[in-house]
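This is what each chain is made of:
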Amino acid sequence: MIKLRSGRTLYYGKGDVLTYRTYANPLSVSAVPESAYTGDSNVIFAHNVTFAVSGEQLLTSFTEGDNSLVVATDSMKNFILRNTAAYEGSTTEGLLAFISRKFMDRYPHIDAVELSADRIPFQTLEVTSQAGSGLEPSSLVYRRSHNDHASASMKLVRKDGAPRIDSHECAITDLQLIKVCGSSFYGFVRDEYTTLPESYDRPLFIFLDIFWKYDQADDAVDAGLGRYVPAEQIRDITHNVFHEMKSPSIQFLIYHVGRRILTRFPQLAEVRFESNNRTWETIVDNTENDPAGVYTEPRPPFGFQGFTMTQEDLTTDGE
Ligand SMILES: O=c1[nH]c(=O)c2[nH]c(=O)[nH]c2[nH]1
């Protein structure tokens, strides 16, 4: 939400601007131990963009019907699409900064821009190699993925005439991870309201959104600085920690995922979690001698957790 100096909220914009850019510049990042991801060819660099503007001078468009300074949201859509072609970088964050800075340069009466983008993921597919030896990734055919995806949001305000990044947040959303055994939940408050049995080995299914902020926003925007954090590595760190840990709760699990992320990426100032408990309902329990069980979809209502961590959390032992 963008506020004017008066404290009044004023904004307008366009949502669901779908930009399917092909052959953007490839992204290259340093490896981390938990992930095979070291970059993206960016042959398909696709986004769903939401773009909103604000400015003191737009007040009369609301109060007097004065459209003289109104850039039509249809024109905003065209601006986003055409400038996506001009973007020479390789990241969602860079694209957002590029478009919004250009927009504020083009329209000097705009005081602030708030925008976000969901990356629309396309996965590589294996095809038989031309040389006839095995399989190799196709450079032509991709598969649209409806799994988790990266996103970013950003707010730019004008300072001394020039657009500056005021705030930013990057994310991976809609991660859905199941660990079939090795998780427990016991020792919680037992009183007259408790019906949940203690569980020493539950199949833990979590829905997870993870958000992060850089200490220096430039590291998010310019992958050339070498400190860009890709959502794919955050995803891979998360499932590694889930695999490694015997977790007593989702709370403790996400804390340890956060510690690992902040350890791997000292350039991040903050990491934030929103988790949802979708643990399958047990129909036929496993036993010590037989790991087979049968489970079904849990019924609502669903539990959730939220947690924010900073680099300061690494100064405590945490084990
Ligand atoms: O990991 C969990 N944390 C909770 O706080 C909780 N509460 C609950 O009913 N199940 C779970 N699981």
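If you check an unreviewed UniProt entry, the chain appears there as Uricase from Paenibacillus glycanilyticus. UniProt, in its Function (unreviewed entry) section for the chain, records the words "Catalyzes the oxidation of uric acid to 5-hydroxyisourate, which is further processed to form (S)-allantoin."

Student: Just to check I follow, could you spell out the domain arrangement of the chain for this structure?
Tutor: Reports often express the size of an interface as the amount of accessible area lost when the parts come together. Segmentation of the chain into domains returns domain 1 (12-170) and domain 2 (172-315). For domain 1 and domain 2, the distance between their C-alpha centroids amounts to 28 Å. Listed by partner, the interface residues are 26 residues for domain 1 and 27 residues for domain 2. Summed over both sides, the interface of domain 1 with domain 2 buries roughly 2200 Å², with 56% coming from carbon and sulfur. For the interface between domain 1 and domain 2, the tally reads three salt bridges. In this structure, Glu34 and Arg264 form a salt bridge, with 2.8 Å as the shortest nitrogen-oxygen distance. Applying the counting rule to domain 1 against domain 2 returns 11 residue pairs in polar contact (both at pLDDT 80 or more). Along the lines of polarity and charge, the residues of the side of domain 1 that touches domain 2 split into 13 nonpolar, eight polar and five charged.

Student: Help me out: how do you make sense of the pattern of salt bridges in this one?
Tutor: A side chain with one charge can pair with a side chain of the opposite charge if their charged atoms come near. The tally for this structure, following the rule as stated, stands at 11 salt bridges. Where Asp40 meets Arg119, a salt bridge forms, and the shortest distance between an N and an O atom there is 3.4 Å. Here Asp40, found in strand 3 (residues 39-40), pairs with Arg119, found in strand 5 (residues 112-120); they are 79 residues apart in sequence, far enough to count as distant. Its relative accessible area of 21% is what places Asp40 among the partly exposed residues.

Student: Please clarify how the packing of helix 2 (residues 73-86) against helix 3 (residues 92-106) should be interpreted in this entry.
Tutor: When two helices pack together, their arrangement is given by the angle between their axes and by how far apart the axes lie. Two elements in contact, helix 2 and helix 3, have axes whose closest approach is 10 Å; the angle formed by their N-to-C orientations is 125 degrees. Considering their axes alone, helix 2 and helix 3 lie oblique with respect to each other. For the pair helix 2 and helix 3, the crossing hand works out as right-handed. In this structure, helix 2 uses Met76, Phe79, Ile80, Asn83, Thr84 and Ala86 to contact helix 3, whose residues at the interface are Leu95, Phe98, Ile99, Lys102, Phe103 and Arg106. Class assignment for the residues of the contact of helix 2 with helix 3 results in eight nonpolar, two polar and two charged.

Student: Is there a simple way to explain the site of the ligand in this structure?
Tutor: Near the ligand, the surroundings consist of Phe185, Leu196, Arg202, Ser249, Ile250, Gln251, Asn277 and Gln305. Here a nitrogen atom of the ligand sits 2.9 Å away from a polar atom, N or O, in the side chain of Gln251. A total of 290 Å² of accessible area belongs to the ligand in isolation, and the protein chains cover 70% of it. When grouped by side-chain class, the residues that make up the shell around the ligand number three nonpolar, four polar and one charged.

Student: Hey, could you run me through the sheet that holds strand 14 (residues 304-310) in this one?
Tutor: In a beta sheet, neighbouring strands pair by backbone hydrogen bonds and run either parallel or antiparallel. Spatially, 1-4-5-8-9-10-11-14 is the arrangement adopted by the eight strands of the open sheet, whose pairing is antiparallel. The sheet terminates laterally at strand 1 (12-22) and strand 14, the two strands that pair on one side only. Strand-to-strand twist in this sheet, taken as the mean axis angle between neighbours without regard to direction, amounts to 20 degrees. The pairing of strand 5 with strand 8 (residues 149-159) spans seven bridges and is classified as antiparallel. Following the sheet pairing, Ala112 is matched in strand 8 by Val157. Against the sheet, helix 5 (residues 231-244) contacts strand 8, strand 9 (162-185) and strand 10 (199-214), and its axis sits at roughly 25 degrees relative to strand 9. In the packing of helix 6 (residues 250-264) onto the sheet, contacts are made with strand 10, strand 11 (268-277) and strand 14, and the angle to strand 11 comes to roughly 155 degrees.

Criteria and thresholds
- Residues numbered from 1 in each chain as written.
- Predicted model: local features only at pLDDT ≥ 70, side-chain atom pairs only at ≥ 80, totals over all residues.
- Heavy atoms only, no water.
- UniProt positions renumbered as here; feature names shortened; annotations may be inferred.
- Domains from an automatic or database assignment.
- Contact = heavy atoms within 4.5 Å.
- Buried area = accessible area lost by both parts, 1.4 Å probe.
- Salt bridge = Lys/Arg side-chain N within 4 Å of Asp/Glu carboxyl O.
- Polar contact = N/O pair within 3.5 Å; in protein donor to acceptor, adjacent residues only side chain to side chain.
- Nonpolar A, V, L, I, M, F, W, Y, C, P; charged D, E, K, R; others polar.
- Helix = DSSP H or I, 4+ residues; strand = E, 2+ residues; numbered from the N terminus.
- Buried < 20%, exposed > 50% of the residue type's maximum accessible area, 1.4 Å probe, protein only.
- Axes fitted to C-alpha atoms, helices over the stretch in contact; angles between N-to-C directions.
- Parallel < 35°, antiparallel > 145°, perpendicular 65-115°, else oblique.
- Left-handed = near helix turned anticlockwise from the far one by under 90°.
- Near = heavy atom within 4 Å.
- Areas by Shrake-Rupley, 256 points an atom, 1.4 Å probe, with all protein chains shown as cover.
- Pairing = 2+ DSSP bridges.

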